[in-house]
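Here is how the chains run, residue by residue.
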Amino acid sequence: MKISVIGAAGTLGSCISFDIIINRLADELVMLDPFQDALTGHWLDLKHTATGKDINVIKGDYPDMAGSDIVVITAGAPTGAIKQRSDLLPGSMPIIKESTLKINQYCPDAIVILETNPVDPLNYELFLLSKNQDRRRFLGYSMNDSIRFRNWIAESFKVPSSSVEGTVIGEHGSTQVMLFSTVKINGKTVKVDEDTKKFIRGQPVIFLGIMENLKPRRTAGWLSAVGTIEVIKAIKNDSGAVLPCNVIQDGEYGYKGLSMTVPVVVGKEGMRSVIKLELTAEEQEGVRNTVSAMNPLMKIVEDYVARS
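As a starting point, this report considers the structure included with it. (Residues numbered from 1 in each chain as written. Predicted model: local features only at pLDDT ≥ 70, side-chain atom pairs only at ≥ 80, totals over all residues. Heavy atoms only, no water.)

Topic: the pattern of salt bridges
- Applying the stated rule across the entire model yields 12 salt bridges.
- Arg272 is paired through a salt bridge with Asp238; the nearest N and O atoms lie 2.4 Å apart. Pair noted here: Arg272 is in strand S12 (residues 270-274) and Asp238 is in the loop between helix H8 (221-236) and strand S10 (241-250), with a separation of 34 residues, a long-range link.
- Note on Asp238: relative accessible area 31%, which makes it partly exposed.
- Sharing partners across several salt bridges, the network here consists of Glu194, Lys197, Arg201 and Glu282. (Salt bridge = Lys/Arg side-chain N within 4 Å of Asp/Glu carboxyl O. Helix = DSSP H or I, 4+ residues; strand = E, 2+ residues; numbered from the N terminus. Buried < 20%, exposed > 50% of the residue type's maximum accessible area, 1.4 Å probe, protein only.)

Below you can see the structure in the form of structure tokens.
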């Protein structure tokens with residue numbers, strides 16, 4: 001398998017590259033980034049890390065992506081501290097456009113895993129600019145929301161996080177919909193009281209604020225890499241694993257013309273199918289709210305693509 005990482009010199013790109021090597025998920029790994037000194041440093045280090053793993057680690061440019069089975073995009077616009085991920089949209093759209101056009105040129109059939117925020121509208125941009133507009137190929141990474149949700153449930157119930165199930169859908173942002181109806185501990189459905197729900201719903205904004213105000217700022221490189229590896233494994237092994245991914249909607253959950261997080265079956269073709277969950281009335285209202293928040297961002301993307 002050949003995997004290319006666009007933005008490999010950044011925190012997230014380098015973490016993902018490392019995990020690809022450690023898990024032996026590629027025969028060839030192409031690392032791309034315009035910051036050549038930083039890229040060279042990571043490439044030299046990871047090339048040696050791959051010793052004994054039988055992985056060819058390449059410091060490359062766009063033409064080297066040719067034949068890639070998977071392309072991971074972590075590149076985004078540099079910025080100062082943000083209040084919400086949508087603040088990053090104007091600066092990141094041109095970067096995603098360039099990456100998409102190069103993918104169209106060199107590996108038009110590759111499955112693309114997008115990590116750049118705001119992932120919802122940018123995954124939609126990828127799809128609209130793609131050569132064949134096959135929505136199965138475009139998986140926006142947003143699994144962190146569900147992973148953190150399970151962690152906060154585990155802390156609230158004082159149980160090991162490995163015993164917790166739970167899914168988050170909607171925006172990868174403040175309007176995300178935490179599906180408390182999906183929460184299970186040791187395989188058994190549990191009822192979450194309203195105070196605990198309120199506390200957990202407030203955590204994403206608090207978490208983002210803490211990360212954005214660190215000096216230097218940090219991004220969730222290690223966690224995102226771990227989740228991305230699960231997506232890559234599901235593709236490589238054609239496992240049919242059910243994972244929360246940001247995908248183009250085509251009527252599932254009642255919406256079209258946007259990308260949002262839903263549980264999907266992942267296999268060698270990328271998104272094999274969308275899992276339609278039965279939502280409570282409260283969760284259905286949450287989906288309406290999150291779609292209302294995302295629609296203006298999708299319109300910005302549509303206008304940008306129309307001008308391109």
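A short note on a nonpolar patch on the surface
- A surface patch of nonpolar side chains, about 260 Å² in accessible area, is lined by Ile206, Ile210 and Leu214.
- As for its placement among the helices and strands, Ile206 is situated in helix H7 (residues 203-212). (Patch = residues over 30% accessible without salt bridge, like charges linked within 9 Å, V, L, I, M, F, W, Y side chains within 5 Å. Areas by Shrake-Rupley, 256 points an atom, 1.4 Å probe, with all protein chains shown as cover.)

Some remarks on the environment of Leu126
- Looking at where Leu126 falls in the secondary structure, it is placed in helix H4 (residues 119-129).
- On the basis of relative accessible area, Leu126 is assigned to the buried category, the value being 0%.
- Once the C-alpha coordinates of Leu126 and Glu165 are considered, the two residues, 39 residues apart in sequence, prove to be 30 Å apart.
- If we skip the residues at most four places from it in the chain, Leu126 touches Ile73, Ile96, Thr100, Val112, Leu114 and Phe138. (Contact = heavy atoms within 4.5 Å.)

Notes on the state of the cysteines
- Within this structure, the stated rule accounts for zero disulfides.
- No disulfide involves Cys245; its sulfur sits 19 Å from that of Cys107, the nearest cysteine. (Disulfide = S-S within 2.5 Å.)

Let's talk about the side chain of Thr116
- Inspection of the secondary structure assignment puts Thr116 in the loop between strand S5 (111-114) and H4.
- For Thr116, a relative accessible area of 4% translates into the label buried.
- There is a polar contact of 2.6 Å between the side chain of Thr116 and the backbone oxygen of Ala75.
- In this structure Thr116 touches Ile73, Thr74, Ala75, Gly76, Ser92, Ile96 and Leu122, once residues within four positions along its chain are discounted. (Polar contact = N/O pair within 3.5 Å; in protein donor to acceptor, adjacent residues only side chain to side chain.)

Description of the nonpolar core
- Counting 79 residues, the largest nonpolar core has Ile20, Leu29, Ile73, Leu139 and Ile232 as its most contacted members.
- Take this core: its biggest share by element is eight residues, from helix H9 (residues 281-307).
- Contact partners of Ile20, with chain neighbours within four places excluded, come to Ile3, Val5, Leu25, Ala26, Leu29, Ile55, Ile229 and Ile232.
- Judged by nonpolar contacts, the second largest core, of 12 residues, contains Trp152, Val164, Phe180 and Ile200. (Core = buried A, V, L, I, M, F, W, Y, C linked by side-chain atoms within 4.5 Å.)

Here we look at helix H3 (residues 89-106)
- Here H3 contains 18 residues, and its C-alpha end-to-end distance of 25 Å stays within 8% of the 26 Å for a straight helix at 1.5 Å per residue.
- Inspection of H3 places Leu89, Ser92, Met93, Ile96, Ser99, Thr100, Ile103 and Asn104 among the buried residues, and these make up the whole buried set. The buried residues of H3 occupy one face: seen down the axis, they fall within an arc of 140°.
- Summarising the contacts, the buried residues of H3 are in contact with strand S1 (2-6), strand S4 (70-73), S5, H4 and H9. (Expected span 1.5 Å × (residues − 1). Arc of directions from axis to C-beta.)

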